[in-house]
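Descriptive structure summary
Listed below, chain by chain, are the residues.
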Amino acid sequence: MARAFLFVLDSFGIGGAPDAEAYGDLGANTLGHIAEQCAAGLGDREGLRAGPLALPHMQSLGLAEAALAASGNIPAGWSLTARPRGLYGSASEVSHGKDTPSGHWEIAGQPVMFDWGYFPNDGAAFSDELVAAIIEEGKVPGILGNCHASGTEIIASLGAEHMRSGKPICYTSSDSVFQIAAHEESFGLERLLELCRTVRRLVDPLNIGRVIARPFVGSPETGFDRTGNRRDFSVPPPGPTLLDQVSESGHRVFAVGKISDIFAHQGVTDLRKANGNAALFEATVKAAQDAGDGDLVFTNFVDFDMLYGHRRDVPGYAAALEALDARLPRFAKMLKPGDLVLMTADHGCDPTWRGTDHTRERVPILGFGPGIAARDVGVRSTYADIGASVAAHLGLPATASGKSFL
């Protein structure tokens, strides 16, 4: 039995990116600053959590050691482990962006060595020509927003007008992304998805990485909430990825959460959708029960980024980390001889940093499984070493980029 489980803790950076200054992120450290805030009592929230950040299972694997090597600092309130019981290390990103597709594709062996298209920060985000095409081809009466914005904030401010006018809410961020929010009932979920497909085609010449459907429900009186029916319409990776290698070898790729959307559904044989980290974990457990020899289970735990990093919510981020950490022993008990679990991230999103966008950081590498020898795998020069290691574990040829640390 040789199965692989790849867990991406979306945005769980550990600082120290060698090129952070070029991205305006020198000093950003998602783990380090969350731990610092928690140690100072600033991560407390009544009914949610209190005290220093406690991740005993990830710490036992070597997370403190990985953080020290990556950033030069041990998280506040922690100490080094006498004898880490897992694989531990960190990796730097070589892709040109600090976005979701770039991070995931690089993990899977395809770094993004080209520049994405981005929308301007000042003035209208979208050109008059693009807006006119969206209105005509998308058959909408106009658009709202047309700016850089936080998704929850722009829905709160424009949701009522959207429901009155029927105009979709269109916005972007520092990522290469066009986001469209619309009410599931008054606008219609299928209509929103079809509009996103139209916009996906219209922004292809601009080299925009993703068009994201952001459906929501609620009313002006009760407030609005985004639903779990988000869809990402991504461009395909620039070449074959680890997912393609696994599926072409005759084995299965279980894509849990938004993984399939990120890879434009390429190389995915089994799609498992779920909403929220707890549900994503349960979907991963079910996928593990279904997975056989040679299969890959690839999960993105999105809440860290979507609910807490972008919203600059330190207590929420800390509580979510602690909740996932507490679930790890249950998953470890399910593993069979030959299994390998690798945990990492796709970028940072330091909730103490300025703005609301991703941060350029190194990411952790934590690995465990029956018979997997504990050791320091060092600071890797590319995320692609993670996918290369999974390929080696499954007996597959090397990925397009990266070197196995196994």
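Residues numbered from 1 in each chain as written. Predicted model: local features only at pLDDT ≥ 70, side-chain atom pairs only at ≥ 80, totals over all residues. Heavy atoms only, no water.

Some remarks on the environment of Arg-201
Within the element layout of this structure, Arg-201 appears in helix H7 (residues 184-203). The partly exposed category is assigned to Arg-201, whose relative accessible area is 46%. As for Arg-201 and Ala-345, which are separated by 144 residues in sequence, their C-alpha atoms are 29 Å apart. (Helix = DSSP H or I, 4+ residues; strand = E, 2+ residues; numbered from the N terminus. Buried < 20%, exposed > 50% of the residue type's maximum accessible area, 1.4 Å probe, protein only.)

Considerations on the side chain of Asp-175
When you line up the elements, Asp-175 lands in the loop between strand S4 (169-172) and strand S5 (177-183). When its relative accessible area of 7% is taken as the criterion, Asp-175 is described as buried.

Let's talk about the packing of helix H10 (residues 277-290) against helix H12 (residues 314-334)
In the contact formed by H10 and H12, the axes pass within 11 Å of each other and the chain directions differ by 15°. Put simply, H10 runs roughly parallel to H12. Handedness of the H10/H12 crossing: right-handed. When H10 is examined against H12, the residues Asn-277, Ala-278, Phe-281, Glu-282, Thr-284, Val-285, Ala-288 and Gln-289 are found in contact with a partner set consisting of Ala-320, Leu-324, Arg-327, Arg-330, Phe-331 and Met-334. (Axes fitted to C-alpha atoms, helices over the stretch in contact; angles between N-to-C directions. Parallel < 35°, antiparallel > 145°, perpendicular 65-115°, else oblique. Left-handed = near helix turned anticlockwise from the far one by under 90°. Contact = heavy atoms within 4.5 Å.)

A closer look at the packing of aromatic side chains
What the rule picks out here adds up to 12 aromatic pairs. Their ring planes at 75° and their centres at 6.0 Å tell us that Phe-119 and Phe-178 sit as a pair that is edge-to-face. With Phe-119 in the loop between helix H4 (100-107) and helix H5 (128-138) and Phe-178 in strand S5, the pair connects residues that are 59 residues apart, well separated along the chain. Phe-178 carries the same exposure label as Phe-119, and that label is buried. For the pair Phe-216 and Phe-224, a centre-to-centre distance of 5.3 Å together with 80° between the ring planes defines the contact as edge-to-face. In this pair, the class of Phe-216 matches that of Phe-224, namely buried. The rings of Phe-5, Phe-7, Phe-281, Phe-301 and Phe-331 are connected pair by pair, giving a single aromatic cluster. (Phe/Tyr/Trp six-rings, centres within 6.5 Å; stacked < 30°, edge-to-face > 60°.)

A word on unusual backbone geometry
For Ala-264, which is not a glycine, the phi torsion comes out positive at approximately 50°. By the secondary structure assignment, Ala-264 is in the loop between helix H9 (259-262) and strand S10 (270-272). The phi dihedral of Arg-312 is positive, around 55°, even though this residue is not glycine.

Description of the pattern of salt bridges
Side chains that carry opposite charge are capable of pairing whenever their charged atoms lie near each other. All chains considered together, the criterion is met by 21 salt bridges. Between Asp-313 and Arg-45 there is a salt bridge, with the nearest N and O atoms lying 2.8 Å from each other. You can see Asp-313 sitting in the loop between helix H11 (303-309) and H12 and its partner Arg-45 sitting in the loop between helix H1 (30-39) and helix H2 (56-61), a full 268 residues away along the chain. Note on Arg-45: relative accessible area 36%, which makes it partly exposed. Here Asp-295 and Arg-252 are joined by a salt bridge, their closest N and O atoms 3.3 Å apart. (Salt bridge = Lys/Arg side-chain N within 4 Å of Asp/Glu carboxyl O.)

What to know about a nonpolar patch on the surface
Residues Leu-68, Ile-74 and Leu-80 make up a contiguous nonpolar surface patch of roughly 210 Å² in combined accessible area. Residue placement: Ile-74 occurs in the loop between helix H3 (63-71) and strand S2 (87-91). A relative accessible area of 34% places Ile-74 in the partly exposed class. (Patch = residues over 30% accessible without salt bridge, like charges linked within 9 Å, V, L, I, M, F, W, Y side chains within 5 Å. Areas by Shrake-Rupley, 256 points an atom, 1.4 Å probe, with all protein chains shown as cover.)

A look at the sheet that holds strand S9 (residues 253-256)
The eight strands are arranged S10-S9-S11-S1-S12-S13-S2-S14 in an open sheet whose pairing can be described as mixed. In this open sheet, the two edge strands, each paired with only one partner strand, are S10 and strand S14 (375-380). Along the sheet, successive strands turn relative to each other by an average axial angle of 15°, direction set aside. In this structure, S9 lies alongside S10, joined through three bridges in parallel fashion. Among the inter-strand pairings, Ala-255 is bridged to a residue of S10, identified as Leu-271. In this fold H3 packs onto S2, strand S13 (363-368) and S14, with an angle of close to 30° to the strand it touches most, S2. Running over the sheet, helix H13 (residues 384-393) touches strand S1 (4-9), strand S11 (296-301), strand S12 (340-344), S13 and S14 and is turned about 175° from S12. (Pairing = 2+ DSSP bridges.)

So, H4
The buried fraction of H4 is high, at eight of eight residues. Within H4, the full set of buried residues consists of Thr-100, Pro-101, Ser-102, Gly-103, His-104, Trp-105, Glu-106 and Ile-107. Buried residues belonging to H4 abut S1, strand S6 (210-219), H9, S11, S12 and H13. Measuring from the backbone nitrogen of Ser-102 back to the side-chain oxygen at the start of H4 gives 2.9 Å, which picks out Asp-99 as the cap. The positive-phi residue at the C-terminal boundary of H4 is Gly-109, with phi of around 100°. (Polar contact = N/O pair within 3.5 Å; in protein donor to acceptor, adjacent residues only side chain to side chain.)

Some thoughts on the packing of H5 against H7
Interaxial distance between H5 and H7 falls to 10 Å at its minimum, and their mutual angle equals 140°. If you check the angle between H5 and H7, you find them oblique. Where H5 crosses over H7, the handedness of that crossing is right-handed. Within the contact between the two elements, H5 uses Leu-130, Ala-133, Ile-134, Glu-137 and Gly-138 and H7 uses Leu-195, Thr-198, Val-199, Arg-201, Leu-202 and Val-203.

Regarding H10
Note on helix geometry: an α-helix contains 3.6 residues per turn, so any two residues three or four positions apart are oriented the same way. For H10, with 14 residues, the first-to-last C-alpha span of 20 Å sits near the 20 Å given by 1.5 Å per residue. Taken together, the buried residues of H10 touch S1, S9, S10, S11, H11 and H12. (Expected span 1.5 Å × (residues − 1).)

Shape descriptors only; they carry no functional weight alone.
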